[in-house]
Amino acid sequence: MENILILYPYIFAIIISIIVARLIWTNHPNSKYIMIFILIFSIVTTTHYNIQHNPILILWLCNFTAMIGLYLCYRFHQIVFDIFFYFCWTGDLFTLLVFDNPVAPPMSTNPIAFMGFIFKHSIPLILTIYLIKNGYKKVSSTALRHSLLAMIAYTVFVGFINLLFDSNIMDLRYATLDIEKAFGPWPYYVIVNISIALIWFKSIEFITKKIRLIHT
């Protein structure tokens, strides 16, 4: 019973995310503002936690992705949406698939910040669906190139930050996940991570072409 109680923040965040996705799918008139509210909640709660425990975590990609999502809620820009779409369906999706994430606030001692962490990755994904379904947006034919360039620029930036502040953003210096450790020591796991990211980026382009989400 105690283990189930510990999972309540995770279960609650997932249920809320599913409800928001349902509102999007049924074209609820206030769905956009609900997403904005939850995104702001996620940014505020996780940023507050990071400032108290490890301020450098603010520079993780998910924070920039969430901020881009807020921007797109008010003003659409094609290249920004292209990058946002790819970042969401790589970083945000993979993060949600990692249950025991070492950079997430502890579920048992910081349940509010933990829920904010989940929302910060789930709501941007739902927002891409909203912009496509309700906003009739599509990614451009150059979305893959724009996203790769943005990812390279971000990786170079955080690589410099890691050296400057002795941090480990994007696990560029040492592995923190068991699956990364299985790939071997640095730099082998980094090479594997990059390879997986490139394959997944290309897969996204393939899928978006198949379901006709790319401007012709």
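Keep in mind the model is a prediction, meaning the values are calculated, not measured.

Draft legend 1. Region of the structure containing the layout of surface pockets. Taken as a whole, the largest pocket spans an internal volume of roughly 1200 Å³. In terms of lining residues, the largest pocket is bounded by 43 residues, among which Gly91, Phe94, Met170, Glu180 and Asn193 are the most central. Among the elements of the structure, α3 (31–53), α4 (61–74), α5 (78–97), α6 (111–133), α7 (143–165), α8 (178–181) and α9 (188–210) are those that each provide at least two residues to the lining of the largest pocket. Among the elements that line the lining of the largest pocket, the one with the most residues is α9, at eight residues.

Draft legend 2. Representation of the packing of α5 against α7 in the model. Contact pair α5 / α7: the axes reach a minimum separation of 8 Å and the direction vectors enclose 75°. When the axis of α5 is compared with that of α7, the two are roughly perpendicular. Seen from α5, the contacting residues are Ile79, Asp82, Ile83, Tyr86 and Phe87; seen from α7, they are Ala143, Leu144, His146, Ser147, Ala150 and Met151. Residue composition of the contact of α5 with α7, by class: eight nonpolar, two polar and one charged.

Draft legend 3. A look at the side chain of Thr90. Within the secondary structure, Thr90 sits in helix α5. Accessibility expressed as a relative area gives 5% for Thr90, which makes it buried. At 3.2 Å, the side chain of Thr90 and the backbone oxygen of Phe87 are in polar contact. Once you skip the residues sitting within four places of it in the chain, Thr90 turns out to touch Trp200, Phe201 and Ile204.

Draft legend 4. Region of the structure containing the nonpolar core. Grouped together as the largest cluster of nonpolar side chains are 49 residues, with contacts concentrated most on Val20, Met35, Phe81, Tyr86, Ile123, Leu127 and Ile169. Broken down by secondary-structure element, the contributors of at least two residues to this core are α2 (8–25), α3, α4, α5, α6, α7 and α9. In terms of residue count, the dominant contributor to this core is α6 (11 residues). For Phe81, the contacting residues outside a window of four places in its chain are Leu72, Phe76, Leu131, Ile132, Lys137, Lys138 and Val139.

Conventions adopted
- Residues numbered from 1 in each chain as written.
- Predicted model: local features only at pLDDT ≥ 70, side-chain atom pairs only at ≥ 80, totals over all residues.
- Heavy atoms only, no water.
- 1 Å grid on protein atoms, 1.4 Å probe; cavity = no way out; pocket = protein on both sides within 12 Å on 5 of 7 lines; lining within 4 Å.
- Points joined across faces, edges and corners; volume = space filled by probe spheres on them.
- Helix = DSSP H or I, 4+ residues; strand = E, 2+ residues; numbered from the N terminus.
- Axes fitted to C-alpha atoms, helices over the stretch in contact; angles between N-to-C directions.
- Parallel < 35°, antiparallel > 145°, perpendicular 65-115°, else oblique.
- Contact = heavy atoms within 4.5 Å.
- Nonpolar A, V, L, I, M, F, W, Y, C, P; charged D, E, K, R; others polar.
- Buried < 20%, exposed > 50% of the residue type's maximum accessible area, 1.4 Å probe, protein only.
- Polar contact = N/O pair within 3.5 Å; in protein donor to acceptor, adjacent residues only side chain to side chain.
- Core = buried A, V, L, I, M, F, W, Y, C linked by side-chain atoms within 4.5 Å.

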